[in-house]
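Letter by letter, the chains look like this.
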Amino acid sequence: MDFPVTAEDFAVLAAEGLTVIYAETASRDVSPGEGWSYWGDLKTETDTKAIWRKIVTIEEALAQ
Amino acid sequence: MADKTTTSLSITDPIKLADLGDGSYAVGVALNGSSVPNSQPVPIKITGASYQTVFNRAIYNTSVTSSIAVPLGVRGCLFIAKVYAVTGTNPSLIPEFRLQTYSTTSAASTSVSGSAMTSGPKECLIYWYPGASLGQATAVSPNECKVVALPLADYVYCRFTISGTFNTGEGFDAGAWIYWIP
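Residues numbered from 1 in each chain as written. Chains lettered and ligands numbered in written order. Predicted model: local features only at pLDDT ≥ 70, side-chain atom pairs only at ≥ 80, totals over all residues. Heavy atoms only, no water.

## So, the sheet that holds strand 2 (residues 37–43) of chain A
Residues and elements named next belong to chain A. For the record, the criterion: Being paired, for any two strands, means DSSP has found at least two bridges between them. Helix and strand definitions follow DSSP, with helices as H or I runs of at least four residues and strands as E runs of at least two, each counted in order from the N terminus. Helix axes use the C-alpha atoms of the stretch in contact, all axes being lines fitted to C-alpha atoms, and the angles between their N-to-C directions lie in the range 0 to 180 degrees. Residue contacts are defined here by distance: any two heavy atoms, one from each residue, within 4.5 Å place the two residues in contact.
Ordered by their spatial adjacency, three strands build an open sheet running 1-3-2, and the pairing between neighbours is antiparallel. Strands at the two margins of the open sheet, each flanked by one partner only, are strand 1 (18–25) and strand 2. In this sheet, adjacent strand axes meet at a mean angle of 30 degrees when their direction is disregarded. By the bridge criterion, eight bridges tie strand 1 to strand 3 (residues 48–57) in an arrangement that is antiparallel. For A23, the partnering residue across the bridge sits in strand 3 and is W52. Where helix 1 (residues 7–15) meets the sheet, its contacts fall on strand 1 and strand 3, and the angle it forms with strand 1 comes to roughly 110 degrees.

## Thoughts on the interface of chain B and chain A
A common measure of how large an interface is: the accessible area buried when the components associate. The line we're drawing: What gets called buried area is simply the loss in accessible area from a 1.4 Å probe that two parts show on being joined, summed for both. What counts as a salt bridge is simple: a side-chain nitrogen of Lys or Arg found within 4 Å of a carboxyl oxygen of Asp or Glu. Within 3.5 Å is the distance limit for a polar contact, defined as a pair of N or O atoms, with the added protein rule that one can donate a hydrogen and the other accept it, and that residues adjacent in sequence qualify only through two side-chain atoms.
The interface of chain B with chain A comprises 19 residues on the first partner and 16 residues on the second. Roughly 1,400 Å² of surface becomes buried between chain B and chain A when both sides are summed, with 61% attributable to carbon and sulfur atoms. On the chain B side of the interface with chain A, the three residues burying the most area are R57(B), I59(B) and T87(B), jointly 34% of the side's total. Applying the counting criterion to the chain B and chain A interface returns zero salt bridges. Our count for the contact surface shared by chain B and chain A stands at seven residue pairs in polar contact (both at pLDDT 80 or more). A total of four residues in the side of chain B that touches chain A trace back to one element, the largest contributor, which is strand 4 (residues 50–60) of chain B.

## Considerations on the packing of aromatic side chains
Short version of the rule: Between the rings of Phe, Tyr and Trp (Trp by its six-membered ring), a pair exists once the centres lie within 6.5 Å; its type follows the angle of the planes, with under 30 degrees stacked, over 60 edge-to-face, and the other angles tilted. The cut-offs for exposure are 20% and 50% of the maximum accessible area for each residue type, with area from a 1.4 Å probe on protein chains only; residues under the lower value are buried, those over the upper are exposed, and the others partly exposed. Distance and angle both matter: a charge sits over a ring if NZ of Lys or CZ of Arg is within 6 Å of the ring centre and within 35 degrees of the ring normal.
Applying the stated criterion across every chain yields a total of eight aromatic pairs over all chains. Measuring from ring centre to ring centre gives 5.7 Å for Y38(A) and W52(A), while their planes differ by 75 degrees; the resulting arrangement is edge-to-face. Of this pair, Y38(A) sits in strand 2 while W52(A) sits in strand 3, and the two are 14 residues apart along the sequence. Residue classification places W52(A) among the buried residues on the basis of a relative accessible area of 7%. Connected via pairs of aromatic rings, a cluster forms that spans F55(B), Y60(B) and F160(B). The positively charged end of R57(B) is found above the aromatic ring belonging to Y84(B), 3.6 Å away from the centroid.

See the structure below:
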């Protein structure tokens, strides 16, 4: 599934009642669970985190 | 002229103001059974809080700026920038996202500003209201709130200042909105 990048992408997703949520783990070798896609790393001077994303319904996102 | 007809309005979406260019603002409405043509702007004066989208939610990895005319009847506003997530790096620093706001008159070159920054998921808020103090607007951690106690001028400018190194598709998933306060 393609993840949204532009404002138009996010608007199309929202029109379908969907949105994107995120999770972070210590590395890309560690998945937060089923259905998550690796997005990229957030690198700081002292730390690197793997950022994951998932498309869910807006209701699911609000319940998080 | 058609007979006057009673109708009711139900506004479920955020009100989007249109600048009519003569110092007034309008909201487009559709009135069933009335003599007002559909989509003809109806001038309004703000009497309750309303909001506008400044930057739609998207992945941002370069700085962007937007200018907005301040509607009539407004004394203050609240800028809200929400960062949902971040990917990227910076050789010496963490990727940085800064919400900067300015207000200025069309005739004056001076401006006043407020800014809030983050390198991770949180909300950056900037509260503008004449005479406001910091205690009147606080944010729940890790969110950040700045207060500007000066009046708004004719225009407000909102800027995402972004620094960092981003691969294709990486950046700050973020959006910004402004709440007008009468």
